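Read off the chains here:
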Amino acid sequence: MMTGAPAGLWTLAMRRLRADRVAMVSLAVLTLFLAMLVLSSTGVIAPWEQEVAVTYAPPSFIGPDGVMREGAGAARTAAPPNAFDPLAGDITAIIEAQGAALTAPPPPRLATLVFGADKWGHDVLLKTIKGGETSIVVGLAAALLAVALGTLFGAFSGYFGGVVDDLINWFYNVFTSIPPILMILAVAAVLQHKGVTTIVLILGLTGWTGPYRLIRAEYMKHKGREYVMAADAIGASHWRKMFSHIFPNISHVALVQLSILAVGFIKAEVILSFLGFGVPVGVVSWGSMLNEAQNELILGKWWQLTAAATAMALLVTAFSLLTDALRDALDPTLT
C-alpha cells in the first residue's frame, strides 16, 4: 500500500528546526528586530532626531542627576547686546522684524528617558532602533552580494574546471593572501565615499571567498552525477545544468553561508563605523553610536554604549544560534 512520496530535504529541515526550542526563540528575537526595522523605516516609530530631553538625560530607573540645564531662551536674553558689536544693530532689527517667533522659549525637555539621552537630547532607545535598521540592512545586503558572487564564481570554477578554474582560483588566492581588515580598508580607500551603499560594496566585494570555496567543491562533486548526465543527454545548456539542476541540490550551503556572513558583516559594519569608514554624518548605526559613546564614557555617561552593545549582542547571538540550528537541520546525514 502506497503511503505517498517521501518528505523532501526542506520538509525534513523544517521539522527539525521546529523541534529545536533554542532555534525557535532565536527566530522570535530576529522577527522582533525585523519588525522594529520595518516600523522604523516606514516612519511608524518617532524619528530619533527629535531633541526631547536635556543633555545626557539619564535612564528613568536612575532618576535625574540633579544638574539643571539652562534654557535656550534664557541664554538669548540673559545678556544685553554688546554696544561694541558692529552687527548688534542689524541683529536687533532682525529680531524685532521677526517678532516673538525668535524669542519664544523652547518647549520643555524631559529630565529622564527610558534608556537615557545623548548629548543632543536624542532618545537613545529610538536611536538604537534606527541604528539597528542601518546595521541589519548592511549585514543582509552585503551577505547577499557576497554569496551571489561566491556562488557565481564557484559554479563556473567547479563546473567547467581547467583554465576557468585556474583563472578564478588565481583571483581567489589574491584576495585570500591579504588580511581581511587590510583588504576592507584598501577597498574603502579606493571608493573614498561614505554611505550605506559603500559599506555594502566593501563587505560584499571582500567577503565572497568563503562561499566560493564551498560552492566550488559542491559543483565539482555534483557535475559528474547521474542527474546531471541525464540533463546533458536531453540537451540542457550549461547554464541550465548549473543553476536549474545542480544549484537546487546545494542551495542549503549558500543559505547557511548567507546567515553566517550576515552575522559577520553586522559586526564588521560596527568596526568600520567605529574606525570612521562607515556611515556618514547624519546617519546613525550601532557602530556610530559606539564611536560616539567612547567620548561619553569619560564623562560617566554609559547608557548609549550599553544600549547599542546590548542590542547588537542580542541580534548577533540570536542569528548565530539560528545559523547553527539551520546548519544541523539542513545536514542530509541526519535522520
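Preceding this paragraph is the structure being described.
Before going into details, it helps to say that this report is about the structure given with it. Note on numbering: residues in each chain are counted from 1, in written sequence order. In keeping with the predicted nature of the model, local features appear solely for residues at pLDDT of at least 70, side-chain atom pairs appear and are counted solely at 80 or more, and the whole-chain, interface and lining totals rest on all residues. Computation of side-chain values: all heavy atoms of the structure, hydrogens and water removed.

### Points about the overall build of the protein
Phase 1: To qualify as a helix, a DSSP run of H or I must reach at least 4 residues; to qualify as a strand, a run of E must reach at least 2; elements of each kind are numbered from the N terminus. On a plain count of helices and strands, the protein comes out with 13 helices and zero strands.
Phase 2: Each of the 335 residues in the protein was classed as buried or not, and the buried ones make up 39%.
Phase 3: The contacts in the protein between residues at least 6 apart in sequence include a share of 78% that link residues at least 24 apart. Classification of residues uses two cut-offs on accessible area relative to the type maximum, computed with a 1.4 Å probe and protein chains only: under 20% is buried, over 50% is exposed, and between them is partly exposed. Throughout, a contact is declared for two residues whenever any of their heavy atoms are within 4.5 Å.

### Describing the side chain of Glu218
Phase 1: With respect to the helices and strands, the residue Glu218 is situated in helix α9 (residues 209-222).
Phase 2: Its relative accessible area of 17% is what places Glu218 among the buried residues.
Phase 3: The residues touching Glu218, leaving out its near neighbours within four places in the chain, are Ile250 and Val253.

### So, the nonpolar core
The tendency in soluble globular proteins is for nonpolar side chains to be buried as a group.
Phase 1: Buried Ala, Val, Leu, Ile, Met, Phe, Trp, Tyr and Cys residues form a nonpolar core when they are joined through side-chain atoms within 4.5 Å. Counting residues in hydrophobic clusters, the biggest one holds 70 residues, and the most contacted among them are Leu17, Leu203, Tyr219, Phe265, Trp286 and Leu315.
Phase 2: Residue contributions to this core peak at 14 residues, all from helix α11 (residues 238-275).
Phase 3: Leave out the neighbours within four places in its chain, and Phe265 touches Gly139, Ala142, Ala143, Ala146, Leu203 and Gly207.
Phase 4: Listed in part, the five residues of the second largest apolar core include Ala53, Val54, Ala57 and Leu113.

### Looking at the packing of aromatic side chains
Phase 1: A pair of aromatic rings is counted whenever rings of Phe, Tyr or Trp (Trp by its six-membered ring) have centres within 6.5 Å, and the orientation is called stacked for planes under 30 degrees apart, edge-to-face for over 60 and tilted otherwise. According to the stated counting rule, one finds 13 aromatic pairs in the structure shown.
Phase 2: Centre to centre, the rings of Phe175 and Trp208 are 5.3 Å apart; their planes meet at 65°, and the pair counts as edge-to-face. Separated by 33 residues along the polypeptide, Phe175 in helix α6 (residues 162-176) and Trp208 in the loop between α8 (196-206) and α9 bring together distant segments of the chain.
Phase 3: The class of Phe175 is buried, set by a relative accessible area of 17%.
Phase 4: Their ring planes at 45° and their centres at 4.6 Å tell us that Trp239 and Phe243 sit as a pair that is tilted. One end of the pair is Trp239 and the other is Phe243, both in helix α11 and four residues apart, which spans about a single turn.
Phase 5: A residue is classified by how much of its surface remains accessible, and Trp239, at 52% relative accessible area, is exposed.
Phase 6: Three or more aromatic residues joined by ring pairs form one cluster here, namely Phe153, Phe171, Tyr172, Phe175, Trp208 and Tyr212.

### Describing the environment of Val137
Phase 1: Considering the arrangement of structural elements, one finds Val137 in helix α5 (residues 124-160).
Phase 2: On the accessibility criterion, Val137 (36% relative accessible area) is partly exposed.

### Quick look at a nonpolar patch on the surface
Phase 1: Candidate patch residues must exceed 30% relative accessible area and have no salt bridge, after which like charges are joined if within 9 Å and Val, Leu, Ile, Met, Phe, Trp or Tyr side chains if within 5 Å. Computed with a 1.4 Å probe, the accessible areas rest on the Shrake-Rupley method; for each residue, only the protein chains presented here act as cover. Each reported salt bridge corresponds to a side-chain nitrogen of Lys or Arg within 4 Å of a carboxyl oxygen of Asp or Glu. Taken together, Ile178, Ile181, Leu182, Ile271, Phe274, Leu275 and Phe277 make up a surface patch of nonpolar side chains, about 600 Å² in accessible area.
Phase 2: Those elements that place two or more of their residues in the nonpolar patch are α7 (180-191) and α11.
Phase 3: Of the residues forming the nonpolar patch, the biggest block, three residues, is contributed by α11.
Phase 4: Mapped onto the elements, Ile178 comes out in the loop between α6 and α7.

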